[in-house]
Amino acid sequence: MYVCLCFGVTDREIRQAADNGVSSMRQLGKELGVGRQCGRCACMAREILRESRTPD
Ligand code: FES
């Protein structure tokens, strides 16, 4: 599913980035562009990042 339409970033890519050590929206923006244009994806991207960071 696409999370960030401006940069064509999917939830999978965000999870992958989290696996590779991305832990903040700032980092995610740097890596994938997420949230750097219209910002509409920020809320969901943050949620996915948070979920993939909690190892349980
Ligand atoms: Fe991500 Fe616009 S949808 S910056």
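Described below are features of the structure shown in this document. Given the structure is predicted, the values throughout are model-derived calculations rather than measurements.

1. Considering the side chain of Thr-10
Assignment of secondary structure puts Thr-10 in strand β2 (residues 9–10). Among the residues examined, Thr-10 registers a relative accessible area of 18% and is labelled buried. For Thr-10, the residues in contact, after removing those within four places along its chain, are Met-1, Tyr-2 and Val-3.

2. Looking at the environment of Met-44
Of note, Met-44 is situated in helix α3 (residues 42–53). The exposure class of Met-44 is partly exposed, given its relative accessible area of 42%. As a C-alpha pair, Met-44 and Gly-33 span eleven residues in sequence and 14 Å in three-dimensional space.

Cut-offs and rules
Residues numbered from 1 in each chain as written. Predicted model: local features only at pLDDT ≥ 70, side-chain atom pairs only at ≥ 80, totals over all residues. Heavy atoms only, no water. Helix = DSSP H or I, 4+ residues; strand = E, 2+ residues; numbered from the N terminus. Buried < 20%, exposed > 50% of the residue type's maximum accessible area, 1.4 Å probe, protein only. Contact = heavy atoms within 4.5 Å.

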